[in-house]
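Fold and geometry: a report
Spelled out from the first residue to the last, the chains are:
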Protein chains: 2
Amino acid sequence: MQYFPAALQDLADQFARLPGIGGKTAQRLAFHVLELPLEDAQSFANAILAAKQEVHTCPVCQNLTDREICPICDDDMRDHSQICVVAEPKDVIAMERSREFGGVYHVLHGVISPLNRVTQDDIKIRELLHRVGSTDVREVIMATNPDTEGEATAMYISRLLRPMEVKVTRLAYGVPVGSQLEYADEVTLSRALEGRQEI
Amino acid sequence: MQYFPAALQDLADQFARLPGIGGKTAQRLAFHVLELPLEDAQSFANAILAAKQEVHTCPVCQNLTDREICPICDDDMRDHSQICVVAEPKDVIAMERSREFGGVYHVLHGVISPLNRVTQDDIKIRELLHRVGSTDVREVIMATNPDTEGEATAMYISRLLRPMEVKVTRLAYGVPVGSQLEYADEVTLSRALEGRQEI
C-alpha cells in the first residue's frame, strides 16, 4: 500500500470509518471523489460541514432541524396535546408518511439497551417528562420499534408517566397490510388475534 | 421528506451520488456524520479537499501521486526500460503485491470501450507512445484485464507499438494458482494448454 498517495489513503480511511463501508468500497469511493470536478468535491466537503453546523435538535421535540424550532413543533395546525414518542428522527419521517397523525413528536435518540450500554439517562426521557409536566398534554403514544428494546423502553417510560395523569397508548400490533398470513410469525399472529376488532 | 433539515438532506444527496450508495444507505451515512464529533467531521471534509488538491497524475507514468514524480518512477533501482501497462492505479498496487516486477508502469486510466463511449483518445495511449518513442524502452508488458475490452485495448496498443521496435508482451493466461481444474472455464483451460511449458 506504500505506493498509494497519502492523501488518497487518508480519504479511503475516512470512508472506511463509515458504518457498512469496507476497505475495498472505501478505496473505490476515494477514487471516485478524485475523479469528481473540483467544485463537486468542494460541495461534498461543504455539505459535511454544513450538516454538522446547521443541524441541531429542536428544543421542544428533540428532532433534528436547521431552524430554531422544528417545522412540526412550530405548526399551529397540529394538536400539541398529543405526543408520539419515537426512537429516531427517521421514525418521524415514517410516521409522517402515513399522513394519519396530526399531533407532535418526541424523539428519544435511542432506546434503553443494557447490551450497548445505553441507559435511561442517555436518551431524551428527562426532556419528555419535563414536557409532559409543564405543557398541556392529553395523550402520549409510544411508537418505539416493536422489538425487545423498543418494548422495554416504552414500558419504562409509561411507568414514569403514570403518576402524571396522562393517557399513554401504544401503536397496535397486528399483521402488516398487504402481507400474507402464512408468512406471519406466531407472536405477531397472536397479538393480531388479541387485538381483533369488530367490523 | 419535507421534515428533513435541508443541510442533512443535502449531505444524504451527496452520499447518494457516490457509486454503489443507494438512498437508504446515504441517509444512514448522513445521520452517522451528524453524530461524529465536530473535529472528525472536519477531518473527513478536509480529507476530501486534500485528496483533490494534493493527488495528481505522475507526469511520467500517469499513476496517481502526491509528489512531483511518483515513487516508482523516481526509483533508480527499478528497470526503466521495462514498462508494464495497466488500466487503473489499483492494478499497479495488485502488480506490486506480487513482488515479481522490477520495472516501471504506465497507467492508461481506462480501456477502450465503445459501449461506454471511451475511445483511444480518452485514455493515456498518446503519453505511452511518446514515452516509448523518447526514452530507452526495451519491453512493454501489456497487463490490462483479461476481458474483452482489456484484450482489445492491449491489441490496439501493441499494433501502434510495432513500428517502434520494442518488444511487446502480454501477461500469461492459464489456470489460477490454488484453483481447481474442474471449476476452470473452457477458454481459460484451452489458453493454459496452448501456453504449456516444459518442467
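As a starting point, this report considers the structure included with it. Note that residues are indexed from 1 along each chain, following the sequence as it is written. A letter from A marks each chain and a number from 1 marks each ligand, given out in the order of writing. Local features in this predicted model are restricted to residues of pLDDT 70 or higher, and side-chain atom pairs are both shown and tallied only at a pLDDT of 80 or more, whereas totals for entire chains, interfaces and linings draw on every residue. Think of the side-chain values as coming from all heavy atoms in the structure, minus any hydrogens and water.

1. Structural notes on the sheet that holds strand β3 (residues 79–86) of chain A
Strands in a sheet are paired, the pairing made by backbone hydrogen bonds, and the direction either parallel or antiparallel. All names here are of chain A. Cut-off, in case you're wondering: Strand pairing is defined by DSSP finding a minimum of two bridges between the two strands. Working definition: helices are DSSP H or I runs of at least four residues, strands are E runs of at least two. Numbering for both runs from the N terminus. Where helices are involved, their axes are fitted lines through C-alpha atoms of the stretch in contact, as for all axes, and angles between N-to-C directions lie from 0 to 180°. What makes two residues a contact is simply this: any of their non-hydrogen atoms within 4.5 Å.
Read across the open sheet, the four strands follow the order β4-β3-β5-β6; overall the sheet is parallel. Taken across any chain shown, the strands that pair with only one partner, and hence form the sheet edges, are β4 (103–107) and β6 (167–170). This sheet shows a mean twist of 25° between the axes of neighbouring strands, independent of strand direction. As paired elements, strand β5 (residues 139–142) and β6 share four bridges and run parallel to each other. Across the sheet, the residue bridging to V140 is V168, located in β6. Sheet contacts for helix α5 (residues 125–134): β3, β4 and β5; angle to β4, the most-contacted strand, approximately 150°. Along the sheet, helix α6 (residues 148–161) makes contact with β5 and β6, crossing β6 at roughly 170°.

2. A short note on a nonpolar patch on the surface
Just so we agree on the cut-off: Patch rule: a residue counts if its relative accessible area is over 30% and it has no salt bridge; like charges are joined within 9 Å, and nonpolar side chains (Val, Leu, Ile, Met, Phe, Trp, Tyr) within 5 Å. The Shrake-Rupley method, run with a 1.4 Å probe sphere, supplies the accessible areas, and residue values consider only the shown protein chains as cover. A side-chain nitrogen of Lys or Arg and a carboxyl oxygen of Asp or Glu constitute a salt bridge if their distance falls within 4 Å.
Among the surface-exposed residues, V175, L181 and L189 of chain A lie close enough to one another that they form a single nonpolar patch of about 240 Å² accessible area. You can see L189 of chain A is positioned in helix α7 (residues 186–194).

3. Focus on the pattern of salt bridges
Residue and element names in this part refer to chain B. The cut-off we apply is this: Remark: exposure states derive from per-residue accessible area (1.4 Å probe, protein chains only) relative to the maximum for the residue type, with buried under 20%, exposed over 50%, and partly exposed in between.
Applying the stated criterion across every chain yields a total of 10 salt bridges over all chains. Notably, a salt bridge pairs R78 with E96, separated by 2.8 Å at the nearest N-O pair. Of this pair, R78 sits in the loop between β2 (64–65) and β3 (79–86) while E96 sits in helix α4 (residues 89–97), placing them 18 residues apart in sequence. Residue R78 shares its accessibility class with E96, and that shared class is buried.

4. Overview of the relation of the copies chain B and chain A
The line we're drawing: Fitting of the copies onto one another was done by least squares over C-alpha atoms, counting residues only where both copies have pLDDT of at least 70.
The transformation that overlays chain B on chain A combines an axial shift of 0.1 Å with a rotation of 179°, and the residual RMSD is 0.2 Å. In the structure described here, the two chain copies are related by an operation that fits a two-fold rotation axis. Taking C-alpha positions as reference, the residue of chain B nearest the rotation axis is A45 of chain B, located at 2.2 Å. The residues that chain B uses at the interface reappear at the interface of chain A in 100% of cases, marking a shared surface.

5. Let's talk about the interface of chain B and chain A
Filter applied, for reference: Note: buried area is the sum, over both parts, of the accessible area (probe 1.4 Å) each one loses when the two are combined. Each residue gets one label: Ala, Val, Leu, Ile, Met, Phe, Trp, Tyr, Cys and Pro are nonpolar, Asp, Glu, Lys and Arg are charged, and the others, such as Gly, are polar.
Taken together, the contacts link 48 residues of chain B with 49 residues of chain A. Of the roughly 4,600 Å² buried at the junction of chain B and chain A (both faces included), carbon and sulfur atoms supply 75%. Those elements that provide at least two residues to the side of chain B that touches chain A are α1 (6–16), α2 (23–35), α3 (38–54), β2 and α4 of chain B. Among the elements that make up the side of chain B that touches chain A, the one with the highest residue count is α3 of chain B (14 residues). Residues that form the side of chain B that touches chain A fall into these classes: 33 nonpolar, five polar and 10 charged.

6. Comments concerning the environment of R191 of chain B
Within the fold, R191 of chain B resides in helix α7 (residues 186–194). In the structure, R191 of chain B is positioned 91 residues away from E100 of chain B in sequence and 22 Å away in space, judged by C-alpha atoms.

7. A closer look at the side chain of R131 of chain B
Residue and element names in this part refer to chain B. The condition that has to hold: Note on charges: Lys and Arg go in the positive column, Asp and Glu in the negative column, and His and the chain ends are not counted at all. The term polar contact refers here to a pair of N or O atoms within 3.5 Å; inside protein, the definition further demands a hydrogen-donor-capable atom paired with an acceptor-capable atom, and it admits residues adjacent in sequence only when both atoms are side-chain atoms.
With respect to the secondary-structure elements, R131 resides in helix α5 (residues 125–134). Despite its burial, R131 pairs with no opposite charge, the nearest such side chain being D79 at 9.9 Å. Polar side-chain contacts of R131 include one of 3.3 Å to the side chain of H106. Among all residues touching R131, those that are not within four sequence positions of it are V60, C61, C73, I83, V104, Y105, H106 and V137.

8. A look at the packing of helix α2 (residues 23–35) of chain A against α3 of chain B
Our working rule: Each angle gets one of four labels, with under 35 degrees taken as roughly parallel, over 145 as roughly antiparallel, 65 to 115 as roughly perpendicular, and the rest as oblique. Two helices that cross are described as forming a left-handed crossing if the nearer one is turned anticlockwise from the farther one by less than a right angle, and a right-handed crossing if clockwise.
Interhelical geometry of α2 of chain A versus α3 of chain B gives an angle of 60° and a closest axis separation of 9 Å. Judged by the angle between their axes, α2 of chain A and α3 of chain B are oblique. Both α2 of chain A and α3 of chain B take part in a crossing whose hand is right-handed. Packed against α2 of chain A, whose contacting residues are V33, L34 and E35 of chain A, the element α3 of chain B presents I48, A51 and K52 of chain B at the interface. For the contact of α2 of chain A with α3 of chain B, the class distribution of residues is four nonpolar, no polar and two charged.

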